[in-house]
Amino acid sequence: MKGRTFGKLIAATVLSLGMLITPGTGAHAIGGASATVAYPAWQAGVPYAVGDRVTHNGTDYECLQAHTSQPGWEPPNTASLWKPLGSGGGDTTAPDAPGNLRVTGTTSSSVSLAWNASTDNVGVTGYELYRGSTLVATVTGTSHTDGGLTASTGYTYTVKAKDAAGNRSAAGNSVTATTPADSSETLLSRGKPATASSIEAAGFEAAKAVDGTTSTRWASAEGHDPEWLRVDLGSTATITRVKLTWEAAYGMAYRIQTSADGSTWTDIFSTSSGDGGTDDVTVSGSGRYVRMYGTQRGTPYGYSLWEFEVYGQSPGGDTTPPSAPGNLRVTGTTSSSVSLAWNASTDNAGVTGYEVFRGSSLVATVSGTSHTDGGLAASTGYTYTVKAVDAAGNRSAASNSVTATTQPGGGGGTPVQANGQLRVCGLKLCNEHGKQIQLRGMSSHGLQWYYQCLNTASLDALATDWKADVFRISMYIQEGGYETNPRMFTDRVHNLIEMATARGMYAIVDWHMLTPGDPMYNLDRARTFFTEITQRHNAKKNVIYEIANEPSGVSWSRIRDYAHQIIPVIRQHDPDAPILVGTRAWSSLGVSEGGNETEVVNNPVNASNIMYTFHFYAASHGDQYLATLSRAADRIPVFVSEFGTQTASGGGGNDFTMSQRYLDLMAQKKISWVNWNYSDDHLSGAVFTGGTCPNGPFAGTSRLKEAGVWIRERLRTPDDF
């Protein structure tokens, strides 16, 4: 699916200029005459076809792939979409490597770097800064400060140069810097009273931005400037740093201000070039009140912050940790969970929460004195401790430890308990006992828009009331998704995998590339993302990887080449999980671009334990698509990782008759399926009515649209495990 409430991308019709135009710089002679023709200027929001020509910043470009342009996709930035006219096959010469990378300064939370400029046959357009193997910034200059780091920690950096054609240099020299210790800076804002100029709706209150979790957020009313969020620190403090973690709706122009009385404000930071993501700002000021005062939105929406963190020193600085939690005890076990409780700690200022450790791993942070740790293996022993935390960030000593053994598994139970590690056997998906099975479940909408629909209550309902076997985690790459804030979106996926695991559901990690339709465009991002995801979750039995949501406008051989590069990245850390490979023409097995399944049958991906995806929308995709799915399932392993009962836009009327024909076929041939989508988007394909998220109710049918009632009823029919 595409956009906040938009439908699928429809390939643009190729246009013909109907005349010979020679390359130049915007004005062109025709047939030797004195008349000239100017190519139109590139614009965002325009559907471009292959062969279309535009001018941008004095250079002419020709379109290589049909697409609808978006802000940030200017021709110099998207070599897979545009080539400069007169460039023939395009510039393939990479810049030389940046030289003399050096550390120019450090603080307890940042490292400042500089390097010598690279040279290129056409021209360098920017530099990519890597912390280890992670891309942390793309800049146009030759210096950068990497913020949000941990004190007393070593970090290693390299830099690559890139040019307008997308060529990247080799990495320059590496440098390592260690941040100094910081014994004085304290997080002051966590859990403090917060107010705001407005809120978008219930569930987006100001307090959500100071609660210490990036699964809740403050959001202002949409379409209005100025807007503000302020926190009351309780007493005058010295402010040294402010960290803003933006949702997709960010502030382009905003100020950080302090006040002694909440009415007279002093600016300690301002910017007019905010670009979202995380802003970690070093400041100098003092006051009891600190606020973000937004004067220009970066999107048509409002302002939205996952977290607003204020750091500094309170008078005297609280350095006294809470007492250790007492009497940690086991209050219950199942085959997949351990329930714990403990006695409250005391503190001179007040305990704000507790950290629960399984062995040496932090598994939960809670505000109460109990927790249930889920997603465990049956008949297995686990050891726990708990620490208390106060508002100044002081941590207690660990509590007493307790060890609990989960109960034996007896078959049945959750889908994961019943089936264990899945694998592809022949043309079917099989459980760890070798039985052919069919998974049925729901897909999230984009995590940049509807993350608020994915919480404890909604996923409890999905697992226990809807009885879903599988949950697809749809992380868009463009359109305000992963590329805007890789750290935040990767963490969201980590969190949702854990939530699905705790409820015994399978989790599909959906690399939701859509526009551009060439999966190679995001190859480096995919390598980075899947490396981290597989390193953390390779011991789980319930994870499935979908490596390319809906390729379009490219050949099957190019999709196949992409799969050959990404599958080894996953297999390096997770040799057992099934992998889903997208197919041509929006994962229609080529049908939507005039092909069929034979291109995959005759030239399959050279890898084992994989399946090929097929997507359909029943009101748009009739007998031809149904017949293709039926034939394909007899020749290759197929997984329907997305379908709707509506049109291909994700909206419009439902065709339940055709939908049922698809479901009957998939039941007959053991084809697993996932329905789009588990959100309260206004289109008919979203199962919940508007305003359901984040508070629900999600169980039952009181907040369901017509399609939601229909699909829930079918999910609740018994599985054949």
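Residues numbered from 1 in each chain as written. Predicted model: local features only at pLDDT ≥ 70, side-chain atom pairs only at ≥ 80, totals over all residues. Heavy atoms only, no water.

A.B. asks: Please set out the pairing of strand S14 (residues 175-178) residue by residue, giving values where relevant.
C.D. replies: Alternating residues of S14 divide into Val175 and Ala177, all buried, and Thr176 and Thr178, none buried. For strand S13 (residues 154-163) and S14, the ladder comprises four bridges, and the chain directions are antiparallel. Looking at S14, one finds that Tyr157 is bridged to Val175. (Buried < 20%, exposed > 50% of the residue type's maximum accessible area, 1.4 Å probe, protein only. Helix = DSSP H or I, 4+ residues; strand = E, 2+ residues; numbered from the N terminus. Pairing = 2+ DSSP bridges.)

A.B. asks: Tell me about the state of the cysteines, residues and numbers included.
C.D. replies: Throughout the structure, instances matching the rule amount to two disulfides. Here Cys425 pairs with Cys430 through a disulfide, and the sulfurs are 1.5 Å apart. Paired through a disulfide, Cys453 and Cys693 show a sulfur-sulfur distance of 2.0 Å. Residues Cys453 and Cys693 are joined through a disulfide that is right-handed, its torsion about the S-S bond being 110°. (Disulfide = S-S within 2.5 Å.)

A.B. asks: Lay out unusual backbone geometry with the relevant residues and their values.
C.D. replies: With an omega of 5°, the peptide bond between Thr515 and Pro516 qualifies as cis. Along the polypeptide, Pro516 turns up in the loop between strand S35 (506-512) and helix H5 (523-537). The residue after Gly696, namely Pro697, is reached through a cis peptide bond having omega 5°. Tracing the chain through its elements places Pro697 in the loop between strand S40 (673-676) and helix H11 (706-715). Notably, Asn100 is not glycine yet its phi reads approximately 55°, a positive angle.

A.B. asks: An account of the environment of Ser345 is needed here, citing residue identities and associated values.
C.D. replies: Of note, Ser345 is situated in the loop between strand S24 (338-343) and strand S25 (351-358). On the basis of relative accessible area, Ser345 is assigned to the buried category, the value being 9%. Linking Ser345 and Asp390, residues 45 residues apart in sequence, is a C-alpha distance of 9.9 Å. When near neighbours in sequence (up to four residues on either side) are disregarded, Ser345 contacts Pro322, Ser323, Ala324, Pro325, Val351, Tyr354 and Ala388. Polar contacts involving the side chain of Ser345 include one to the main-chain carbonyl oxygen of Ser323, which spans 2.8 Å. (Contact = heavy atoms within 4.5 Å. Polar contact = N/O pair within 3.5 Å; in protein donor to acceptor, adjacent residues only side chain to side chain.)

Read these as spatial facts, not as claims about activity.
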